[in-house]
Amino acid sequence: MAYPDWVLQHKTKGTNISCIKGNYYLYAVTSKWDKEKGRAQKITSAYLGRITEEGLVAPKGQKAIEKPSVTVKEYGASNFLTDVGKDILEKLRSIFPEYAEMLFTVAAIRVMERCPFKRMELHYDYSFLSEMFKGLNLSKNRLTEFLRTIGKDREKISSFLSQFISGSGHILFDATNILSKSSKMNINRNGYSSKKEYDPQVNLLYAFSREDKTPVYYRLVPGNIREVTALKLAVEESGIRDMVVVADKGFGSQNNLDMMDDTSLQYIIPLKRNSQWFDKGVLEQGDKGKFDGYFLWQKRVIWHYSHTLEPQLPGVKYSSSI
């Protein structure tokens, strides 16, 4: 459950808050590894008092626990990320005025700690981010509700991402299949991946700025939607036009190429060896002098030549190597 701020300010490392009949109580807790359960077991070691809006009321016969006058918090990484990401924070505030600081804080902590969300609150308390952005509730339950709310607002997410696409030059897309058998998702569908897996999965598409080397767009689509369809949806939503699509040879079908030609997309796609567009004439001559040249790739010499395909795919060029 979500606790009031005047209650949460008493929660420190090694303590736990319980709500009993509308009253809040503070306990000292430790943890011990349980071999049988394979996880840490929480152990309540002492009752510290009742929390009121006026402060902590100690148990009878005990003095109230005073907070230490000096608190040590991590500063360097928090300050660095806040400084280099100030433009991101400003863009978040323009699109998500209510959640901007929380979004930025969660992202920064994930960069620094790579921690699960259930530990987010602990790292926040010991980070200087808790001084820069005070009063954030990063409890596990609150984060679950928060991420669900943000994730449903695709319109705002697209508006935020579009601010990074403008003027970013060529963008490269990459699609990744993520397997998930979660019963609480409605986007994981039976699909086919390059590894010949037919399990429930989600397709994740990313777009990266070629110049900045940064991600500027993403889209999640059900696993039963073909990559070319997902790509078309992503291009339409993002508004990207000056883009180069780099795909594997499984993408090189007539329908896929027609779709990219219709949307004026540039693309680099290898052909299968049995493709009707694969002109082996230069290879069959066995004369390297007929090639356009060569280049080195991972200490290997790659010979190449180009050929224009007409009339099926006017203006399309491909390279073959030997």
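In what follows, the structure referred to is the one given above.
Residues numbered from 1 in each chain as written. Predicted model: local features only at pLDDT ≥ 70, side-chain atom pairs only at ≥ 80, totals over all residues. Heavy atoms only, no water.

What follows covers the layout of surface pockets. Of the pockets and cavities examined, the largest pocket occupies roughly 2,200 Å³. Along the wall of the largest pocket there are 44 residues; nearest its centre are L103, L147, I150, I157 and Y218. Taken together, the elements giving at least two residues each to the lining of the largest pocket come down to helix 2 (76-84), helix 3 (86-95), helix 4 (100-113), helix 7 (140-152), helix 8 (154-165), strand 7 (200-209) and strand 8 (215-222). Broken down by element, the lining of the largest pocket gets its largest block of residues, 7 residues, from helix 4. Split by residue class, the lining of the largest pocket holds 30 nonpolar, 8 polar and 6 charged. Of the voids in this model, the second largest pocket is the one considered here, and its volume is about 1,200 Å³. Forming the walls of the second largest pocket are 29 residues, and the residues nearest its centre are K11, N16, K42, K118 and E121. Of all the secondary-structure elements, those providing two or more residues to the lining of the second largest pocket are strand 1 (15-20), strand 2 (23-34), strand 3 (39-52), helix 5 (120-125) and helix 7. By residue class, the composition of the lining of the second largest pocket is 10 nonpolar, 10 polar and 9 charged. (1 Å grid on protein atoms, 1.4 Å probe; cavity = no way out; pocket = protein on both sides within 12 Å on 5 of 7 lines; lining within 4 Å. Points joined across faces, edges and corners; volume = space filled by probe spheres on them. Helix = DSSP H or I, 4+ residues; strand = E, 2+ residues; numbered from the N terminus. Nonpolar A, V, L, I, M, F, W, Y, C, P; charged D, E, K, R; others polar.)

This next bit is on the packing of aromatic side chains. Tallying each qualifying case throughout the model produces 12 aromatic pairs. Seen in terms of ring centroids, W6 and Y24 are 5.6 Å apart; in terms of plane orientation they differ by 90°. Their pairing is edge-to-face. With W6 in helix 1 (residues 5-8) and Y24 in strand 2, the pair connects residues that are 18 residues apart, well separated along the chain. Geometrically, the ring pair formed by Y294 and W303 is tilted, given 4.9 Å between the ring centres and 50° between the ring planes. On the accessibility criterion, W303 (19% relative accessible area) is buried. The aromatic ring of F164 is capped on one face by K91, whose charged end is 5.4 Å from the ring centroid. Above the plane of the ring of F117 lies R110, whose end atom (NZ or CZ) is 4.8 Å from the centre. (Phe/Tyr/Trp six-rings, centres within 6.5 Å; stacked < 30°, edge-to-face > 60°. Buried < 20%, exposed > 50% of the residue type's maximum accessible area, 1.4 Å probe, protein only. Lys NZ or Arg CZ within 6 Å of the ring centre and 35° of its normal.)

This next bit is on the pattern of salt bridges. Applying the stated criterion across every chain yields a total of 7 salt bridges. For E131, the salt bridge goes to K73, with nearest N and O atoms at 2.8 Å. With a gap of 58 residues between them, E131 in helix 6 (residues 129-132) and K73 in the loop between strand 4 (55-57) and helix 2 connect regions that are remote in the sequence. A relative accessible area of 34% places E131 in the partly exposed class. With relative accessibility at 25%, the residue K73 sits in the partly exposed group. Notably, a salt bridge pairs E145 with R142, separated by 3.8 Å at the nearest N-O pair. (Salt bridge = Lys/Arg side-chain N within 4 Å of Asp/Glu carboxyl O.)

Below, the discussion takes up the packing of helix 3 against helix 8. As a packed pair, helix 3 and helix 8 sit with axes 10 Å apart at the nearest point and diverge in direction by 145°. Crossing geometry of helix 3 relative to helix 8 is assigned as right-handed. Contacts between helix 3 and helix 8 involve I88, K91, L92, S94 and I95 from the first element and K156, S159, F160, Q163 and F164 from the second. (Axes fitted to C-alpha atoms, helices over the stretch in contact; angles between N-to-C directions. Left-handed = near helix turned anticlockwise from the far one by under 90°. Contact = heavy atoms within 4.5 Å.)

On to helix 4. Since there are 3.6 residues in each turn of an α-helix, residues three or four apart along the chain are aligned in direction. Compared with an ideal rise of 1.5 Å per residue, which puts 14 residues at 20 Å, helix 4 spans 20 Å between its outermost C-alpha atoms and is within 8% of the ideal. When helix 4 is considered as a whole, its buried residues turn out to be A100, M102, L103, F104, T105, V106, A108 and I109. In this structure, the buried side of helix 4 is in contact with helix 2, helix 3, helix 5, helix 6 and helix 7. Looking one or two places after helix 4, you find R114, whose phi comes out positive at around 50°. (Expected span 1.5 Å × (residues − 1).)

Core analysis: the biggest nonpolar cluster contains 50 residues, and F96, L138, F173, Y217, L231, M243 and M260 have the highest contact counts within it. Top contributing element to this core by residue count: helix 4, with 7 residues. Among all residues touching M260, those that are not within four sequence positions of it are L231, V245, F251, L265, Y267 and I269. (Core = buried A, V, L, I, M, F, W, Y, C linked by side-chain atoms within 4.5 Å.)

Turning our attention to the sheet that holds strand 1. Taken in spatial order, the 4 strands line up as 1-2-3-4 in an open sheet, and their pairing is antiparallel. Two strands lie at the open edges of the sheet, namely strand 1 and strand 4, each paired on one side alone. Taken pair by pair, the neighbouring strands of this sheet meet at an average axis angle of 50°, ignoring direction. In this structure, strand 2 lies alongside strand 3, joined through 11 bridges in antiparallel fashion. Residue pairing in the sheet places Y25 in a bridge with R50 of strand 3. (Pairing = 2+ DSSP bridges.)

Across 7 bridges, strand 7 lies against strand 8 in antiparallel orientation. What sits directly across from L204, in strand 8, is L220.

Nonpolar side chains collect at one region of the surface, where Y294, L296 and V301 lie side by side and expose about 330 Å² of accessible area between them. When you line up the elements, V301 lands in strand 12 (residues 300-309). (Patch = residues over 30% accessible without salt bridge, like charges linked within 9 Å, V, L, I, M, F, W, Y side chains within 5 Å. Areas by Shrake-Rupley, 256 points an atom, 1.4 Å probe, with all protein chains shown as cover.)

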